[in-house]
Amino acid sequence: MGSNGDLNANSQCLSSTGDLVLDKAVNQWMAWDKNPQTRKQMESLVREGHVVELRRRLCSRMTFGTAGLRAEMGAGFACINDLTVIQSTQGMYKYLAKYFPDLKTRGLVVGFDTRAQTSSGCTSERYLGAIIMNKLELQSCELYFHHFVLQPYAVMKYEAAAGVMITASHNRKEDNGYKVYWHNGAQISSPHDKEILHCIEENTEPWPESWNEHLVESSLLRRDPLEDVCRWYMEELNTICFHRELNAKSPLKFVHSSFHGVGHNYVQRAFQQFGFPPPIPVPEQKETDPDFSTVSCPNPEEGESVLELSLRLAEREEAHIVVATDPDADRLAVADFGWKVFTGNELAALLGWWMLFNWKEAHPDPADTETVYMLATTVSSKILKAFARIEGFHFEETLPGFKWIGKRIHELTKTGKEVIFSFEESIGFLCGNMVLDKDGVSTATVVAEMAAYLHTKNLSLNKQLINIYEIYGYHVSRTSYVLCSDPLTIHRIFSRLRNFGGPGDYPELCGDYCITHIRDVTTGYDSSQPDKKCVLPLSKNSQMVTFTFQNGVVATLRTSGTEPKIKYYSEFCAVPGERDISSLEEELRKVTTALVEEFLEPDKNNLLRRSV
């Protein structure tokens, strides 16, 4: 675990676990941790002999997933707590100091959300203190927010070296996270994530003054640019607002839920920036609450079951549209009057159409589309690909995780290209490119304007979605997951797929359905390529296998980078003019069922099926 420190400082009060390696890790933790509540947790685990739990907490370290470091709050090197945030920040600072000669003047942007856990004394705001404490060598550019939502935008505006956000977004209330943004405003990706982890491992012993809790209040480095950044952000929303005069006259009423997170004030201001009155807030979910007391899970992607209060309020208020942002306001769920709750793929079809429609209005010359791009992650709907095929602009796929989209937008923009829309199916959207991360606040206002415009044409969002599918082909998708907390089970499932018919032989059939191509980005294999190598980058730290079926269905199995889930995605992409939707949906249902039952074997592997 790095430098040994005083391994015997607290060993006299703890009994041995019988495992010398584990005992060393326990003593190392007790020598470094100064939070009395997490120390008490560790002492209790040792005293009660919870050896398996101790190994889980102490014998591994968090790694960067699709959205930074995420884990449960509590004691242990594998959890989020004061000590591991201090260690992570020390490692990140060491890496940044080597990478940026001007780090002291560029500084960092630091933010936190509302998450907290009483039992361990762990809060996002407390972690902010740990980060500032570790930046004693910086000069005057330490910036921090009381809330999230503008983090990547601020990194770009201030030309900071990097940004850190303490959040677990839509994860369960027991979790927290440590998200790092690079100087371009996108989340870090390879090789920076691996290099930062290496530096963390080399700087695990807390530096002098790291535990001085009064440094936050007394630090001259501390300043809060929230109001300035928020004003700039709202002004820049004008770049994706196309019909402000129409908005001001619209009779549509909107309801918004911030899911006990930080989005309420920002969505109110963004709507007013677009010319709308503020949306009606869900009163029970308006205020921040780390316990997320009114929802079973703080993830609006779960749909109608967690949007109940929003839909009920919309009925009472005779509203037309519901928008819901997740706790850190980077994801957006939308329900149309009726109440049709759109999937991420369906909403992306609408937003992609809308952004292209307005871009073409401003650029009537067809030749201009040569510089236009839309992006999506590879597990998302192929609807933008269908748009591009007919409309003549460029479409590209990335690995799952918006960090890959952000990185690609940055690369394309440097070469004079314009990315007008990007998305991931898990209700993450970016209209335009004013930030390099998904943004629920700006997207909520874009949805409102699109709905207001369509209303003048006697169209609802849902009716327009059908029109889009009529033109570009129906794209029917199914997305869900099973829960699995055991890494060995996950490894066994995917190893079986890679050796299905013998060593190195992937399956050729799934139920009665013939598989024509297989892509495995974990190993770099792609049977559709002449050299059998993936075009997408390898993703060795996560599992992801994609199957292309003879009937046209494309399905992917992958592990989540932030939660103990195996996710599955399937889509049937019909050609324009094919209107027998029920048969498409039934075919897709059969393929998806076979995929889950035969390849994941939920009952045999004790996987918990989605229950929300």
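On a predicted model such as this, the values are computed, not experimentally measured, just so you know. (Residues numbered from 1 in each chain as written. Predicted model: local features only at pLDDT ≥ 70, side-chain atom pairs only at ≥ 80, totals over all residues. Heavy atoms only, no water.)

Undergrad: What should I look at first to understand the pattern of salt bridges in this one?
TA: One pass over the full model with this rule turns up 27 salt bridges. The salt bridge involving Lys382 is made with Glu397; its shortest N-O contact spans 2.6 Å. You can see Lys382 sitting in the loop between β13 (372-377) and α15 (383-391) and its partner Glu397 sitting in strand β14 (residues 394-398), a full 15 residues away along the chain. On the basis of relative accessibility, which here comes to 27%, the residue Glu397 falls in the partly exposed class. Here the residues in one salt-bridge network are Glu53, Arg56, Arg57 and Glu72, joined through shared partners. (Salt bridge = Lys/Arg side-chain N within 4 Å of Asp/Glu carboxyl O. Helix = DSSP H or I, 4+ residues; strand = E, 2+ residues; numbered from the N terminus. Buried < 20%, exposed > 50% of the residue type's maximum accessible area, 1.4 Å probe, protein only.)

Undergrad: Please clarify how the nonpolar core should be interpreted in this entry.
TA: Nonpolar side chains tend to gather and get buried jointly when the protein is soluble and globular. In this structure, Phe421, Leu461 and Phe547 are the most contacted members of the largest nonpolar core, which totals 134 residues. Leave out the neighbours within four places in its chain, and Phe547 touches Leu497, Pro507, Ile515, His517, Ile518, Val553, Val554, Ala555, Leu557, Leu595 and Phe599. Counting 27 residues, the second-largest nonpolar core is a separate cluster that includes Met92, Val110, Ala161 and Ile200. (Core = buried A, V, L, I, M, F, W, Y, C linked by side-chain atoms within 4.5 Å. Contact = heavy atoms within 4.5 Å.)

Undergrad: How do you make sense of the UniProt feature "domain: Alpha-D-phosphohexomutase alpha/beta/alpha" (unreviewed entry) in the chain when you look at a structure like this?
TA: As recorded in UniProt, the feature "domain: Alpha-D-phosphohexomutase alpha/beta/alpha" (unreviewed entry) lies at residues 62-205, 233-336 and 344-459. Secondary structure content for residues 233-336 is 29% helix and 15% strand, while the C-alpha to C-alpha distance between its ends is 27 Å. For residues 344-459, helix accounts for 50% and strand for 19%, while the C-alpha atoms at its two ends are 20 Å apart. (UniProt positions renumbered as here; feature names shortened; annotations may be inferred.)

Undergrad: What am I meant to see in the pairing of strand β10 (residues 321-325) here?
TA: Put simply, side chains in a regular strand alternate between the two faces of the sheet. With five of five residues buried, β10 is to be regarded as a mostly interior element. Burial along β10 is two-sided: the face carrying Ile321, Val323 and Thr325 and the face carrying Val322 and Ala324 are both buried. For β10 and strand β11 (residues 332-336), the ladder comprises five bridges, and the chain directions are antiparallel. Across the sheet, Val323 pairs through a bridge with Val334, a residue of β11. Connecting β10 to the next strand, β11, in antiparallel fashion are six residues, including Ala329 with a positive phi near 65 degrees. (Pairing = 2+ DSSP bridges.)

Undergrad: Looking at this model, I keep getting lost on the packing of aromatic side chains. Mind explaining?
TA: Between two aromatic rings, the relevant description is the distance of the centres plus the angle of the planes. This structure, assessed with the given rule, holds 25 aromatic pairs. Geometrically, the ring pair formed by Phe254 and Phe276 is edge-to-face, given 5.5 Å between the ring centres and 75 degrees between the ring planes. Taken as a pair, Phe254 in strand β8 (residues 254-257) and Phe276 in the loop between α12 (264-273) and β9 (280-281) lie far apart in primary sequence, 22 residues in all. Taking relative accessible area as the criterion, Phe254 reaches 4% and is therefore assigned buried. Ring plane angle 50 degrees and centroid distance 5.5 Å describe the contact between Phe357 and Tyr453, whose orientation is recorded as tilted. Remark: Tyr453 occurs in helix α17 (residues 440-456) and Phe357 occurs in helix α14 (residues 344-362); sequence separation between them is 96 residues. Taken together through their ring pairs, the aromatic side chains of Tyr95, Tyr99, Phe100 and Trp182 make up a single cluster. The aromatic ring of Tyr481 is capped on one face by Lys565, whose charged end is 3.9 Å from the ring centroid. (Phe/Tyr/Trp six-rings, centres within 6.5 Å; stacked < 30°, edge-to-face > 60°. Lys NZ or Arg CZ within 6 Å of the ring centre and 35° of its normal.)

Undergrad: Before we go on, may I ask you to explain the domain arrangement of the chain in this structure?
TA: It is common to give the size of an interface as the accessible area lost on bringing the parts into contact. The assigned domain composition of the chain is domain 1 (20-223), domain 2 (225-472) and domain 3 (475-609). The interface is formed by 18 residues belonging to domain 2 together with 21 residues belonging to domain 3. Carbon and sulfur atoms supply 53% of the area that domain 2 and domain 3 bury against each other, a total of about 1,500 Å² over both sides. For domain 2, the biggest contributors to the area lost against domain 3 are Val379, Leu399 and Glu470; these three give 31% of the whole. Inspection of the region where domain 2 meets domain 3 yields one salt bridge. Across the pair Glu470 and Arg579 runs a salt bridge, and its minimum N-O distance is 2.6 Å. On inspection of domain 2 and its partner domain 3, the count reaches six residue pairs in polar contact (both at pLDDT 80 or more). Elements with a minimum of two residues in the side of domain 2 that touches domain 3: α15, β14 and α18 (461-472). Of the residues forming the side of domain 2 that touches domain 3, the biggest block, four residues, is contributed by α18. The residue inventory of the side of domain 2 that touches domain 3, partitioned by class, reads eight nonpolar, five polar and five charged. (Domains from an automatic or database assignment. Buried area = accessible area lost by both parts, 1.4 Å probe. Polar contact = N/O pair within 3.5 Å; in protein donor to acceptor, adjacent residues only side chain to side chain. Nonpolar A, V, L, I, M, F, W, Y, C, P; charged D, E, K, R; others polar.)

Undergrad: Looking at this structure, how should I read the environment of Thr288?
TA: With respect to the secondary-structure elements, Thr288 resides in the loop between β9 and α13 (308-317). When the C-alpha positions of Thr288 and Leu252 are compared, they lie 27 Å apart, and in sequence the two are 36 residues distant. Discounting chain neighbours no more than four positions away, the residues touching Thr288 are Thr114, His260 and Gly261.

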